[in-house]
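# Chains, contacts and geometry: an overview
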Amino acid sequence: MSAVADTHSQEHHHGPAKGFSRWLLTTNHKDIGTMYLIFSFTMFLLGGSMAMVIRAELFQPGLQIVQPEFFNQMTTMHGLIMVFGAVMPAFVGLANWMIPLMIGAPDMALPRMNNWSFWLLPCAFLILVSTLFMQGGGPNFGWTFYAPLSTTYGPPSTTFFIFAIHIMGVSSIMGAINVIATILNLRAPGMTLMKMPLFVWTWLITAFLLIAVMPVLAGVVTMMLMDINFGTSFFDASGGGDPVLFQHVFWFFGHPEVYIMILPAFGAISHIVPTFSRKRLFGYASMVYAVGAIALLSFVVWAHHMFTVGIPLTGQLFFMYATMLIAVPTGVKVFNWVSTMFRGSLTFETPMLFAVAFIILFTIGGFSGLMLAIAPADFQYHDTYFVVAHFHYVLVPGAIFGIFASAYYWLPKWTGHMYDETLGKTHFWLSFIGMNLAFFPMHFLGLAGMPRRIPDYALQFADFNMVSSIGAFMFGATQLLFLFIVVKCVKGGEKAPAKPWEGAEGLEWTVPSPAPYHTFSTPPEVK
Amino acid sequence: MAQEQSYYVPDQSKWPIVATVGLGVTLYGVASIMVNGKQGESTTGSWVMFLIGALIMAYMLFGWFGSVIRESRAGLYSDQMDRSFRWGMSWFIFSEVMFFAAFFGALFYVRVFVVPWLGGEGDKGSSNMLWEGFQAGWPLVNNPNPEAYPGPNEVIGPWGLPLINTILLVTSSFTVTVAHHALKAGNRQKVKLWLGATIILALVFLTLQIQEYVHAYQDLDLTLQSGIYGSTFFMLTGFHGAHVLLGSLMLIIMFLRIQKGHFTADSHFGFEASAWYWHFVDVVWLGLFVFVYII
Amino acid sequence: MRVQTKGALPIVAVAGLTTPAVTLADWTMNMSPGVTDSSNEIFSLHMTILWICVAIGVVVFGVMFWSIIAHRKSKGHKPANFHENTVVEILWTIIPLGILVAMAIPATATLIDMYDTTEADIDIKVTGYQWRWQYEYIDEEFGFFSSLSTPRDQIENRQAKGENYLLEVDKPMKVPVDKKVRLLLTANDVIHSWWVPALGIKKDAIPGFINEVWIQVNEPGTYRGQCTELCGKDHGFMPVVVEALPEEEYNTWLAEQREAAQLERELTQKDWTMDELMERGESVYASACVSCHQSDGSGSPPAFPALRGSAIVTEDMEAHIDIVVNGVSGTAMQAFGNQLSEVDLAAVITYERNAWGNNTDEMVTPKEIMEYMSE
């Protein structure tokens, strides 16, 4: 270790170091981005396998494959892994790779802290997944871990689950601080805020949400920890507490969290649609204001997850109105994307296929969200498969397709090769069909009366459950094709130019493909 | 074209992975202590694990901050880098504010809604039928189920130790500001004096808080298990105390750095960051004083 | 009040969405209007917002599909230049806002109505347990548990599944039609949620708190629902069944229940024989104990200990009674002293001590249990 600094002067840039230790010791945003993306996909496959267990059990009525206790662990871990291990890290990976390139910065603002943010994730998930093998089993109380099921009645491993969440929180908060400092401080001269690419804008706002709400999550799991281990009564009426207190604090985190999981996708789609429409994004300014409005509103709608807990009428009405209001800026964004396509000059390479599917299917998820916002109607929807359908529509063709679209869009920049377009399109169509088969019937199941988080169901739900399971198996298997496509692209393929997409704009397309290890050591001048 | 210093990007570093291992081992150790303890099993191994983790973390803190200090003093940091640190520290403090907000929020919800409901008032007042004889009030000394959660005999009034502690902390915010101005003026003796005073005030605060906790536990029967009053009281004051401890450590390190000749009148961000943190700790205390002790 | 969907829409393709659930068997796609005024109002709100969303979707996706077809580069279409239009943007902000306000008005009215639990004719306290419901008719001084009655054999695929698989109970809750019934919901352990789709209400059952809802059923019939808040391993196995009866039949049933409760209170005093206790105990066991300790007493250790061959069950009578009556804190073993009558407690303990080869020949009487519990 050098006496002065972690290394000698940065004037002579080497390429990356050799060997395994490169990845442990790196401070390079491209390396770290790559690690986040690989970690995220691994978690996606792990969480997906758990979904396969769930759908296998739900293939037919009756208990065939797993016992209810284990089923509850699968539903819980599927949710936790997908939310915290797949979707969030994927977006952070995209942020790491692309933000410095898009704003003309040499790296993130605090590169060492950046690497710490990444490596905390494998650590946290090692602890989380290890709970499955502890006595009493892993977390079995849903990814929303309501008290007192998770406190008084939880397995011994719950304490470890709580600390795993703490570690993830530290990772996210530091990552978000890094993103904000980078965006506010390291933009190339001439790049005012209103000239920033939309992906950068959405990440700036997402980072703000993360810093504001992850500490609240830390607060609620700490209260849980105290109730479990130190005899406090935050969530116990015997001592003057309230189980619903848990839900208020959790969802104060939980609602902004779901926007954290979608805003970066909004940003990426706002790049991809203009590129393949060969037309500027419609309404840049209103897109920025819309994201800001969504983020602000996201802080005052949390109790729409709690319409059946019995909050007083005034509260119920307020949260219903505020929730319905979010439809307005969200709608504005959808109209803007469609207006970008309208009278453009469209081609449908794989990124655009995923982007178009995103717009349609995320909007359908948004519609079911609007239905859920109507509080009295929600009495019939809440905790049924209608909700499961809603959030899978906004998360799968929403966040996940947004991530796929981004991956295909930027793979040439990352690897220097074009991916196999035929295989990409195949991955798209199989995912599209599988996903809709899996989740569209869930709307009907919920409306017909099927509750969530049950391992077995009444006979009238059998047919749609079977269809859903088949779709899920199809969707799951298809993701192995994506793995193949990515590996194939990394190893070789048609050489990609600096700007492989005719309609693309932005600083990232001015550097060669693959992007050199160090870029923009001298910031460019932006007009 | 102005030749601005380029933005420093460190090449490779072991500190992130050391920190990961350290934090993982520490927290896994803490979890093990709790789980094994609760099940009546031996916690020795867990304590060892925790201590090893804590040592790794201490090693990491010295090493990582040490690198940053060395790089800074070697002139590697541009003004832009300085701004990155300022943004970073500001947003970090914001995240800490939100952490406390969760607990203040819990206190608000319990006092305004939960306890009155359990006592029979308001929209969910019918809940009182489950808790015969329970009367709402704050501080809550008689819980709905006194067998499960025997309430405290007494609570801590605001005008004794808490008032002294308020005076100590507010004064310490003042003293650290004087120290800062002295640093900007280049008067190093004055800095040491006023920073030293700040640290002493901080340590006295901590001592008095510990004393108050001992008094609560031993004499007043006011514990974490005393029901929701005890729960919120100790969570808020406890986490505040932990942050005072952290802040004190930061101030002590700044003091040692001043001794070693670090910092100039124009460049002393480490000091400023510590001072900001100290003011944050003070503001949280004022919130506590009003909403936990007085009202 | 039923709101008819607006007239001249092409109904063929959308028939599935407007037809109430009951006529479409297994491919049920929609909720049913239900049998209360509230459920019907909710159905209207649901259909209205659904059609609004469909309409918006048709327009927005229509524009998009049009572009996909007509504005392709391969067709030679050149890209236009526009990228903003203030008037249009203001319009498509204001108009959706207006639609939302219009939706919020009937939704508010329905919600206010549903929150008004005053002036009820009957009060029933509903308590969620892991994993069954308890109904206490608090004005009438009787109550009972309502547990899943689907046989384990059906769940484990050894027997064909019945028509009301997983939606049937041993003792349904009964209410009179056309009377306002107030339900006082709470829970014994974790959060549960009480839901019957046909009645249009769902409310969480929260330990330590009471949630009030009201129902007024317009049509006699049997209505089935389920617990809708994850509450542990048998969350999917604690259905809700409500039977709405014409007033006379309800009153008859009420009288029967009052009498039975009185009889039960007297039964505690009578002298029970071993055979009587065993018979009673077996049915108590099947309803309250079997899901954790299994029908053959083998349990699922370590979480659910075996009762067959257990030292406590075959030797330590005092400990056995203590565990059944007071539960074991920190575990899933509940305090059945609060849930079962002295007769049932005595019966089930006697049964456990003699079933599956345990054969202690010991019995406990309801009087002994009563004495034990009064200490």
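Scope of this entry: the structure provided in the associated data block. (Residues numbered from 1 in each chain as written. Chains lettered and ligands numbered in written order. Predicted model: local features only at pLDDT ≥ 70, side-chain atom pairs only at ≥ 80, totals over all residues. Heavy atoms only, no water.)

## Brief notes about the overall build of chain A
Each helix and strand counted, chain A has 15 helices and 0 strands in total. Each principal axis of the C-alpha atoms in chain A carries an extent, and together these give about 65 × 60 × 45 Å. Within chain A, the fraction of its 527 residues that count as buried is 75%. Per element, the accessible surface of chain A, about 14000 Å² overall, is 72% carbon and sulfur. Side-chain charges in chain A split into 21 positive and 22 negative, and the spacing between the mean points of these groups amounts to 14 Å. (Helix = DSSP H or I, 4+ residues; strand = E, 2+ residues; numbered from the N terminus. Buried < 20%, exposed > 50% of the residue type's maximum accessible area, 1.4 Å probe, protein only. Areas by Shrake-Rupley, 256 points an atom, 1.4 Å probe, with all protein chains shown as cover. Lys, Arg positive; Asp, Glu negative; His and termini not counted. Charge placed at Lys NZ, Arg CZ, Asp CG, Glu CD.)

## Points about the sheet that holds strand β4 (residues 173–176) of chain C
Residues and elements named next belong to chain C. The sheet built from 5 strands is open, its strands ordered β4-β10-β9-β6-β7 with mixed pairing. The open sheet has two edge strands with one neighbour each: β4 and β7 (201–205). For this sheet, the mean inter-axis angle between neighbouring strands, taken without regard to orientation, is 25 degrees. As defined by bridge partners, strand β6 (residues 192–196) adjoins β7 across 5 bridges and the pair is classed as antiparallel. Residue pairing for β7: His-192 is matched across the bridge by Ala-205. Those strands touched by helix α5 (residues 247–267) are β4 and β10 (239–245), and its axis lies near 135 degrees from that of β4. (Pairing = 2+ DSSP bridges. Axes fitted to C-alpha atoms, helices over the stretch in contact; angles between N-to-C directions. Contact = heavy atoms within 4.5 Å.)

## A look at the interface of chain C and chain A
Of the residues lining the interface, 87 residues belong to chain C; the matching set on chain A comes to 96 residues. Interface area for chain C against chain A, summed over the two sides, is near 8000 Å², with a carbon-plus-sulfur share of 71%. For Glu-502 of chain A, the salt bridge is made with Lys-73 of chain C, and the minimal N-O distance between the two is 3.0 Å. In this structure, the connection of chain C to chain A is made through 25 residue pairs in polar contact (both at pLDDT 80 or more). Of all the secondary-structure elements, those providing two or more residues to the side of chain C that touches chain A are α2 (37–70), α3 (86–115), α4 (152–155), β7 and β9 (221–227) of chain C. The element that contributes the greatest number of residues to the side of chain C that touches chain A is α2 of chain C, accounting for 16 residues. Partitioned by chemical class, the residues of the side of chain C that touches chain A number 47 nonpolar, 24 polar and 16 charged. (Buried area = accessible area lost by both parts, 1.4 Å probe. Salt bridge = Lys/Arg side-chain N within 4 Å of Asp/Glu carboxyl O. Polar contact = N/O pair within 3.5 Å; in protein donor to acceptor, adjacent residues only side chain to side chain. Nonpolar A, V, L, I, M, F, W, Y, C, P; charged D, E, K, R; others polar.)

## Description of the sheet that holds strand β8 (residues 211–215) of chain C
Residues and elements named next belong to chain C. Taking strand neighbours across the sheet as the criterion, the 5 strands line up as β3-β2-β1-β5-β8 in an open arrangement whose pairing is mixed. What marks the edges here is a single partner per strand, and that holds for β3 (142–146) and β8. This sheet shows a mean twist of 25 degrees between the axes of neighbouring strands, independent of strand direction. Summarising the sheet, strand β5 (residues 181–187) and β8 pair through 5 bridges and their orientation is antiparallel. Looking across to β8, one finds that Leu-185 is bridged to Asn-211. Along the sheet, α5 makes contact with β1 (122–129), β2 (132–137) and β3, crossing β3 at roughly 95 degrees.

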